[in-house]
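A look at the structure
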Amino acid sequence: MKRHFGQTKAQRQADYMAAFAETLLARFPRLAGRIDWDAAKHYYFSGVPVADAVDQYIIARDIT
């Protein structure tokens, strides 16, 4: 995720979380309201790009 100048840390995290949710729900709409936000935060703080984070999330939870 690119660093956007003028954004606060909270805004960058919120943007990441929104992108994570949008990407995940585009693939698995049935997960609406069931996202493990602690896991999503882990991927954010680890610096994992959103697309890779969603892939890892799906694999870790054996979502099919």
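In this report, we go over the structure that sits alongside the text. Per chain, the residues get numbers from 1 upward, laid out in the order the sequence is written. Whole-chain, interface and lining totals are the exception, using all residues; otherwise, since this is a predicted model, local features are given only for residues with pLDDT of at least 70 and side-chain atom pairs are given and counted only at 80 or more. The side-chain figures draw on all heavy atoms in the structure; neither hydrogens nor water molecules are used.

When a carboxyl oxygen of Asp or Glu lies within 4 Å of a side-chain nitrogen of Lys or Arg, that pair is called a salt bridge. The full count for this structure, using the stated rule, is two salt bridges. The salt bridge involving Arg27 is made with Asp55; its shortest N-O contact spans 2.6 Å. Taken together, the residues span a long stretch of sequence, with Arg27 in helix H1 (residues 9-27) and Asp55 in helix H3 (residues 50-60) at a distance of 28 residues. Under the scheme applied here, a residue whose accessible area is under 20% of the maximum for its type counts as buried, over 50% as exposed, and between as partly exposed, the area being computed with a 1.4 Å probe on protein chains only. Looking at Asp55, the relative accessible area reads 31%, which means it is partly exposed. Across the salt bridge formed by Asp36 and Arg61, the nearest N and O atoms sit 3.0 Å from each other. Within this pair, whereas Asp36 is found in the loop between H1 and helix H2 (37-46), its partner Arg61 is found in the segment after H3, the two being separated by 25 residues in sequence. Since its relative accessible area comes to 32%, Arg61 is described here as partly exposed. Numbering of helices and strands starts at the N terminus; helices are DSSP runs of H or I of at least 4 residues and strands are runs of E of at least 2.

By size, the foremost hydrophobic cluster in this structure holds 19 residues, and its most contacted members are Tyr16, Phe20, Leu24, Tyr43 and Tyr57. Residue assignment for this core shows that the elements contributing at least two residues are H1, H2 and H3. Contacts are residue-level and defined by heavy atoms, with any inter-residue pair within 4.5 Å sufficient. Not counting residues up to four positions away in its chain, the partners in contact with Leu24 are Leu31, Ile35, Val54, Tyr57 and Ile58. For our purposes a nonpolar core is just a set of buried Ala, Val, Leu, Ile, Met, Phe, Trp, Tyr and Cys residues, chained together by side-chain atoms within 4.5 Å.

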